[in-house]
Amino acid sequence: MAIPILKQGDTLIVSIQAAPTDQELLRLQDDLADQVGRFRSRGVIIDVSALDVMDSFASRTLRGIARTTKLRGAETIVVGIQPDVAFAMTQLGLTMQDVMTALDLEEGLQMLARIKEGTRRRRE
Amino acid sequence: MSSDIQIPIDRESDIVTARQKGRELAAEAGFAGSDLTVIATAISEVARNIVTYAVRGEIRVTRIQLSGKSGIQVVASDHGPGIPDIALALRDGYSTGKSLGLGLPGAKRLMDEFEIASKAGQGTTVTMRKWTR
């Protein structure tokens, strides 16, 4: 089953529910790359607060999504990594380097707004 | 209350089943909080290794007790190609696949005890244990 993507203005919001399979995550990567172009989105927020495990595959795929969407002109912010999940990721050796993260959806949206504001100022 | 579960691993969706069942058994064994996530993550990594490198195998999770300590043991076994150089496979960032190379060394860090037995052409058995604190 495809992971649903919600469009809110120029932002795409994805809330990953339960435990996605590898195929669902890979499809999400393709779907986001496509929709960022179709909707001319500037930001993507991926809420992972429902995830009970973030293993090396999920983490690598999220990094892949962040890089792909960036090349398509949109910033990705991963929000909602749970405390236990963050602890396990650290021990596993996953850093999520070069991926922006925020505490929750609200913080993520604020972060995106600041990034867009910065981009707009630079253009003026 | 079961004390032993076996999960056949032959497709990617079995990885999720294995870590969910492993988490349940770990909770029954007295683990709580971040330990449950840590155990589920380690199971996810060794299960993915089976799917990626050996195609099929199984994960067995058992409640264990030893001189007053209790914990769980996870055994991931397959009859795949085997790991030619275990020391290299346990090095961070080393992968013959397309992964981050964190699976085995990461799982080792997550658990208290970790052993790999492997013979070329015959398969691999990863045994890991974690004790309640």
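That block above? That's the structure.
Below, the structure is looked at part by part. The shown structure was predicted, so the numbers you read here are calculated from the model rather than taken from an experiment. (Residues numbered from 1 in each chain as written. Chains lettered and ligands numbered in written order. Predicted model: local features only at pLDDT ≥ 70, side-chain atom pairs only at ≥ 80, totals over all residues.)

Describing the overall build of chain A
Within chain A, the regular secondary structure consists of four helices and five strands. On C-alpha atoms alone, chain A measures out to a radius of gyration of 14 Å, which is about the 14 Å that the 2.2 N^0.38 rule sets for 124 residues. Along the first, second and third principal axes, the C-alpha atoms of chain A reach 45 × 30 × 20 Å. Considering chain A as a whole, with its 124 residues, one finds that 32% of them fall into the buried category. (Helix = DSSP H or I, 4+ residues; strand = E, 2+ residues; numbered from the N terminus. Rg over C-alpha atoms; globule rule 2.2 N^0.38 Å. Buried ≥ 20, exposed ≤ 12 C-beta atoms within 10 Å, placed from the backbone.)

Observations concerning unusual backbone geometry
Residue and element names in this part refer to chain B. A positive phi is found at V55, a non-glycine position, where the angle reads about 70°. Along the polypeptide, V55 turns up in the loop between helix 2 (34-54) and strand 2 (57-66). Positive phi is not limited to glycine here, since S67 has a value of about 35°. In this structure, S67 sits in the loop between strand 2 and strand 3 (69-78).

Overview of the interface of chain B and chain A
Listed per partner, the contact involves 22 residues of chain B and 18 residues of chain A. Its residues placed into classes, the side of chain B that touches chain A shows seven nonpolar, nine polar and six charged. (Contact = placed C-beta atoms within 7 Å. Nonpolar A, V, L, I, M, F, W, Y, C, P; charged D, E, K, R; others polar.)

Things to note about the nonpolar core
All names here are of chain B. Formed by 60 residues in total, the largest nonpolar core has its most connected members in A42, I43, V46, A47, I59 and V74. By residue number, the principal contributor to this core is helix 2, which donates nine residues. Filtering out sequence-adjacent residues up to four positions away, V46 remains in contact with V74, A76, A107 and V126. (Core = buried A, V, L, I, M, F, W, Y, C linked by C-beta atoms within 7 Å.)

A few points about the sheet that holds strand 3 (residues 43-47) of chain A
All names here are of chain A. Taken in spatial order, the five strands of this open sheet run 1-2-3-4-5, and their pairing is mixed. Since the sheet does not close on itself, it has two edges, and those belong to strand 1 (5-8) and strand 5 (100-102), each with one partner. Here the strands of the sheet are splayed against their neighbours by 25° on average, with no regard to which way each runs. Relative to strand 5, strand 4 (residues 75-79) runs parallel, the two being bridged by three bridges. Bridge pairing links V78 to T101 in strand 5. Sheet strands in contact with helix 1 (residues 22-38) are strand 1, strand 2 (11-15) and strand 3, and its direction is about 165° off that of strand 2. With respect to the sheet, helix 2 (residues 56-71) is in contact with strand 3 and strand 4, its orientation differing from that of strand 4 by roughly 155°. (Pairing = 2+ DSSP bridges. Axes fitted to C-alpha atoms, helices over the stretch in contact; angles between N-to-C directions.)

A few points about the sheet that holds strand 2 of chain B
Residues and elements named next belong to chain B. Taken together, the five strands give an open sheet; going across it, the order is 1-2-3-5-4, and neighbouring strands pair in antiparallel fashion. Edge positions in the sheet fall to strand 1 (4-9) and strand 4 (113-119), since each of these pairs with one other strand and no more. Strand-to-strand twist of the sheet, defined as the mean angle between neighbouring strand axes without regard to direction, takes the value 15°. Judged from the seven bridges that link them, strand 4 and strand 5 (residues 123-131) form a sheet pairing that is antiparallel. When the sheet's bridge partners are listed, A117 is paired in strand 5 with T125. Packing of helix 2 onto the sheet brings it into contact with strand 1, strand 2, strand 3 and strand 5, and relative to strand 3 it is tilted by some 15°.

So, the pairing of strand 3 of chain B
All names here are of chain B. Of the pairings in the sheet, the one linking strand 2 to strand 3 comprises 10 bridges and is antiparallel in character. Residue G57 lies in a different strand from strand 3, and its bridge partner there is D78. Between strand 2 and strand 3, which pair antiparallel one after the other, the connecting turn spans two residues, and S67 there sits at a positive phi close to 35°. Here strand 3 pairs with strand 5 via eight bridges, running antiparallel. Among the inter-strand pairings, G71 is bridged to a residue of strand 5, identified as W131.

Here's the deal with helix 3 (residues 83-92) of chain A
Among all positions in helix 3 of chain A, only V85, A88, M89 and L92 of chain A are buried. The arc that holds the buried residues of helix 3 of chain A, viewed along the axis, is 100°, so those residues lie on one side. Those residues of helix 3 of chain A that are exposed and angled more than 90 degrees off the buried face are P83 and T90 of chain A. As for helix 3 of chain A, its buried residues are in contact with helix 2 of chain A together with helix 2 and helix 4 (103-110) of chain B. After helix 3 of chain A finishes, the residue G93 of chain A shows a positive phi value of roughly 105°. (Arc of directions from axis to C-beta.)

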